[in-house]
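Letter by letter, the chains look like this.
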Amino acid sequence: MSENIAVLGLGLMGTALAETLLAAGHRVTVWNRSSAKADALVAKGATRAATAAEAVAAAPLTIVCVLDYEAARAVLDGADLAGRTVLNLTNGRPAEARATGEWVNGRGGDYLDGGIMAVPYMIGRPGALILYSGPRDVFDRHEATLKPLAEPRHLGEDPGLAPLYDLALLTGMYGQIAGFLEAAALIAAEGRPVREFTETLLVPWLHAMASAQPRWAEDMERGDYATEVSNLEVNRVGLGNLVIAFEEQGVKPDLLLPMKEIVERRVARGHGAEGLPGLIEELR
Ligand SMILES: NC(=O)c1ccc[n+]([C@@H]2O[C@H](COP(=O)([O-])OP(=O)(O)OC[C@H]3O[C@@H](n4cnc5c(N)ncnc54)[C@H](OP(=O)(O)O)[C@@H]3O)[C@@H](O)[C@H]2O)c1
């Protein structure tokens, strides 16, 4: 069914969202601070609003996707939110989402937060995921409309949950990229082919290692860090060797050093017999 949706913020991501909603047959009203970014969308059938307030007034559902939450609030500030749903797909922090939810509710509007686990070209294609949080009934009301954007996953009523899980997924990604960069630097420093190493060895190895992590997560939930695989004392020696090897090969181990330090700290506290999941105790 064709719905009326306002999209505020037509950067790379906002434009991809608006285009996908248009392609799905929805009526889309668009607004951007610099209005020229709406031109291509208007040519494809979107309606240009002169102000953000005008766009909000045109549709029961407003999607906001701007640089940060400060900009999102500034954009929504003059609009009448009573009886409207605001879906904020701007990237932010749990505390910002909770505060913005209260702020929208205080103006009579419903609030959903969202975390986009995709880059713009993936929007509307298989593999794209959007995490949502906020009142279940509000999500249910808009789920079908939002489905063309990406696979929707509602995490719970607390609006802070989507940014929490978004940040956790990005954290996992950055950790993996850190390992990739160090491994690639080690291989490249010897003049070995990085692409072949990555494709044939590193990626399969990372998949195999990642498959153990649900079991580690169970250990964390139980607080039981006994291991029959590889204890922290062995890892302390292994990471020490790694760092010396990096120095011998003329490669900086900078992204590995925090891991080495935390393992050393945990072992120094007398937990050398535990497995790697026990390191979570040093972080929380
Ligand atoms: N790109 C991605 O791969 C990706 C993936 C996931 C999530 N996100 C999130 O999506 C959001 C938008 O990202 P993007 O890639 O679309 O960024 P972008 O291309 O740099 O666009 C930024 C948008 O924010 C607007 N903006 C910035 N400051 C503003 C202000 N003070 N008042 C009003 N509008 C303001 C810009 O308006 P002007 O055009 O007038 O400057 C533009 O529409 C970010 O929170 C980002 O983290 C992006």
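Residues numbered from 1 in each chain as written. Predicted model: local features only at pLDDT ≥ 70, side-chain atom pairs only at ≥ 80, totals over all residues. Heavy atoms only, no water.

1. Focus: the UniProt feature "domain: NADPH-dependent reductive aminase-like C-terminal" (unreviewed entry) in the protein chain
Residues annotated by UniProt as "domain: NADPH-dependent reductive aminase-like C-terminal" (unreviewed entry) correspond here to residues 158-284. In residues 158-284, the share of helix is 71% and the share of strand is 0%. The end C-alpha atoms are 22 Å apart. (UniProt positions renumbered as here; feature names shortened; annotations may be inferred. Helix = DSSP H or I, 4+ residues; strand = E, 2+ residues; numbered from the N terminus.)

2. Some thoughts on the sheet that holds strand E3 (residues 47-48)
Reading across from one edge, E3-E2-E1-E4-E5-E6-E7-E8 is the order of the eight strands in this open sheet, with mixed pairing throughout. A strand with exactly one partner marks an edge of an open sheet, and here the two such strands are E3 and strand E8 (151-154). Where strand E7 (residues 129-133) and E8 come together, four bridges link them in parallel fashion. Bridge pairing in E8 places Ile130 opposite Pro152. Strand contacts of helix H5 (residues 94-106): strand E5 (85-88) and strand E6 (110-117), with the helix running at about 150° to E6, the strand carrying the most contacts. (Pairing = 2+ DSSP bridges. Contact = heavy atoms within 4.5 Å. Axes fitted to C-alpha atoms, helices over the stretch in contact; angles between N-to-C directions.)

3. Comments concerning the site of the ligand
Residues in close proximity to the ligand total 20 residues, the closest being Met13, Asn32, Ser34, Lys37 and Asn91. Contact distances for the ligand include 2.9 Å between an oxygen atom and a backbone N or O atom of Leu12. Within the side chain of Lys37, a nitrogen or oxygen atom sits 2.6 Å from an oxygen atom of the ligand. Here the ligand loses 74% of its free accessible area of 900 Å² to cover by the protein chains. (Near = heavy atom within 4 Å. Polar contact = N/O pair within 3.5 Å; in protein donor to acceptor, adjacent residues only side chain to side chain. Areas by Shrake-Rupley, 256 points an atom, 1.4 Å probe, with all protein chains shown as cover.)

4. Side note on helix H4 (residues 69-76)
Those residues of H4 lying buried are Tyr69, Ala72, Val75 and Leu76. One side of H4 holds all its buried residues, which, seen down the axis, span an arc of 120°. In H4, the exposed positions angled more than 90 degrees off the buried face are occupied by Glu70 and Ala74. (Buried < 20%, exposed > 50% of the residue type's maximum accessible area, 1.4 Å probe, protein only. Arc of directions from axis to C-beta.)

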